[in-house]
Each structure stands twice: as C-alpha cells, then as structure tokens.
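# A closer look at the structure
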Amino acid sequence: MRDQTIVDQAQRPSGFLGRMMGEVMAATNRPRNTWLLGQLDIQPRQRGFEFGFGNGETLTGFLDRSDGGSALGVDWSQAMIDTAASRNKAAIKDHRLQLVCGDVADPTFKIDGLFDRIWCSNVIQMIEDRPGLFVRLHANLASQGLLALCFQPRGPSAPPPRVLAPKCLADLKNAGYNQVEVCWMPNASPEAFCIVARP
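Residues numbered from 1 in each chain as written. Predicted model: local features only at pLDDT ≥ 70, side-chain atom pairs only at ≥ 80, totals over all residues. Heavy atoms only, no water.

## Focus on the nonpolar core
Applied cut-off: The criterion is simple. A nonpolar core is a set of buried Ala, Val, Leu, Ile, Met, Phe, Trp, Tyr and Cys residues joined through side-chain atoms within 4.5 Å. Only protein chains enter the accessibility calculation, which uses a 1.4 Å probe; a residue is then buried when its area is under 20% of its type maximum, exposed when over 50%, and partly exposed in between. Numbered from the N terminus, helices here are DSSP runs of H or I no shorter than four residues, and strands are runs of E no shorter than two. By definition, residues are in contact when any of their heavy atoms lie within 4.5 Å.
Judged by nonpolar contacts, the single largest core of 30 residues is most densely connected at F49, F51, I124, L172 and Y177. Listed by contribution, the elements that provide at least two residues to this core are β1 (47-51), β2 (70-75), β4 (115-121), α6 (130-138), β5 (141-151), α7 (161-174) and β7 (193-198). At five residues, α7 tops the list of elements feeding residues into this core. Non-local contacts of F51, meaning those with residues more than four positions away in its chain, are made with V74, V104, I118, W119, C120, V123, L133 and L137. Within the second largest apolar cluster, 24 residues are counted, among which are I81, L99, C150 and A192.

## Notes on the pairing of β4
Stated precisely, the cut-off is as follows: Only strands joined by at least two bridges in the DSSP assignment are considered to pair. If the strands point away from the viewer and the path from the first strand over the helix to the second runs clockwise, then the crossover is right-handed.
β4 sits mainly inside the fold: six of its seven residues count as buried. With six bridges connecting them, β4 and β5 associate as parallel partners. Looking across to β5, one finds that C120 is bridged to L149. In this fold, β4 hands off to α6, which returns the chain to β5; that crossover is right-handed.

Interpretation note: all reported values are geometric properties and have no functional meaning in isolation.
Next comes the structure, spelled out in structure tokens:
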C-alpha cells in the first residue's frame with residue numbers, strides 16, 4: 001500500500017504529501033532538467049509552454065534564460081500549481097508566467113496561441129494517446145519553434161528509454177514534425193533522452 005501511495009503521488013501529486021513529493025522529485029531530477037534547458041536553445045523574448053511542470057523549477061529556468069520572455073505552465077496537480085506559484089511569485093506578478101490546472105492529454109483541453117518552445121520532462125510515458133497529443137501540440141508550435149520531450153525512468157514500472165524513444169520518434173514524424181532527433185544525456189544513470197522536434 002505504501003509503495004502504491006508513492007507511485008500515485010509521483011504521477012498525480014496532491015495535498016501536503018504531494019508537495020513534499022514534488023520537492024523530492026525536483027532534487028532528484030535537477031541534473032536532467034538542467035540538461036533539458038540546454039537542449040531548448042532558449043532565446044530572448046520567447047514564449048514557452050511546459051506541461052507537467054512539477055514544482056516549477058524548469059519554468060523558472062526558462063524565464064531566467066529568456067530575457068523578456070513569458071511562459072505558460074499546465075499541470076494536472078493543484079498541489080504542484082501551488083508550489084510552482086510560490087516559487088515564481090515575481091514572474092506571475094509581472095504577467096510573465098501563467099499557471100493552469102489541466103490535463104493536456106485530454107483532447108477537450110484547449111491551449112490558445114503559439115509558442116516558441118514547448119517541453120515536458122518525465123511526462124510523456126504517462127500519455128496514452130501520444131499521437132493525438134503530438135498533433136494538437138503541433139498546432140501550438142510557432143513556425144520556427146521547438147518541441148522537446150525529456151525522459152529518464154524512475155521506478156521499476158517505467159518503460160526502458162531505448163524502447164520509448166523510437167516509439168516517440170515515429171509518432172512525432174507521423175504527426176508532421178520535421179528535423180526530429182534524439183539526444184542522450186551524457187553519463188546519466190539510468191539513461192535519459194531528449195527528443196527535439198521542429199514543425
């Protein structure tokens with residue numbers, strides 16, 4: 001029961017335990033997420049969109065690197081919304097960051113506007129209809145935009161990266177993305193990849 005509670009909180013954090021789990025995951029995942037930010041090739045005044053942002057550290061990193069930029073974060077956990085809002089008070093006050101509680105995997109959930117950078121970290125393995133999501137995200141990606149999908153397995157039930165990566169590559173190409181490539185994080189244990197795709 002305890003192990004299942006941990007798994008549930010890792011996937012959909014809620015309440016005090018969820019906020020604590022978010023901080024633990026952030027500390028564990030910080031090297032991977034710092035590497036992910038490097039793959040985004042962030043430029044000034046860009047508009048970013050992260051789904052499944054956890055405690056909001058990667059959104060903070062994007063805004064720090066994009067001088068004059070702005071971002072939208074969508075997460076299905078209100079606990080993570082609250083944590084990320086506390087971390088990014090200044091950006092929210094300055095209207096550089098908007099946080100929304102929602103599920104991008106739901107086809108009825110709509111995202112308005114175009115984004116220069118769209119990314120997620122350790123979320124894509126939980127999306128059942130990846131092809132459908134990739135098609136919807138394609139409509140939100142600016143003409144010179146970039147989509148990045150980062151993954152590093154956590155726990156015995158996580159799919160092997162060498163199995164998940166080619167599946168995502170094929171789904172992205174079928175959804176109409178160009179210049180799709182996979183990068184592997186140096187010296188990562190377990191292995192971590194970042195797939196970068198352009199419209």
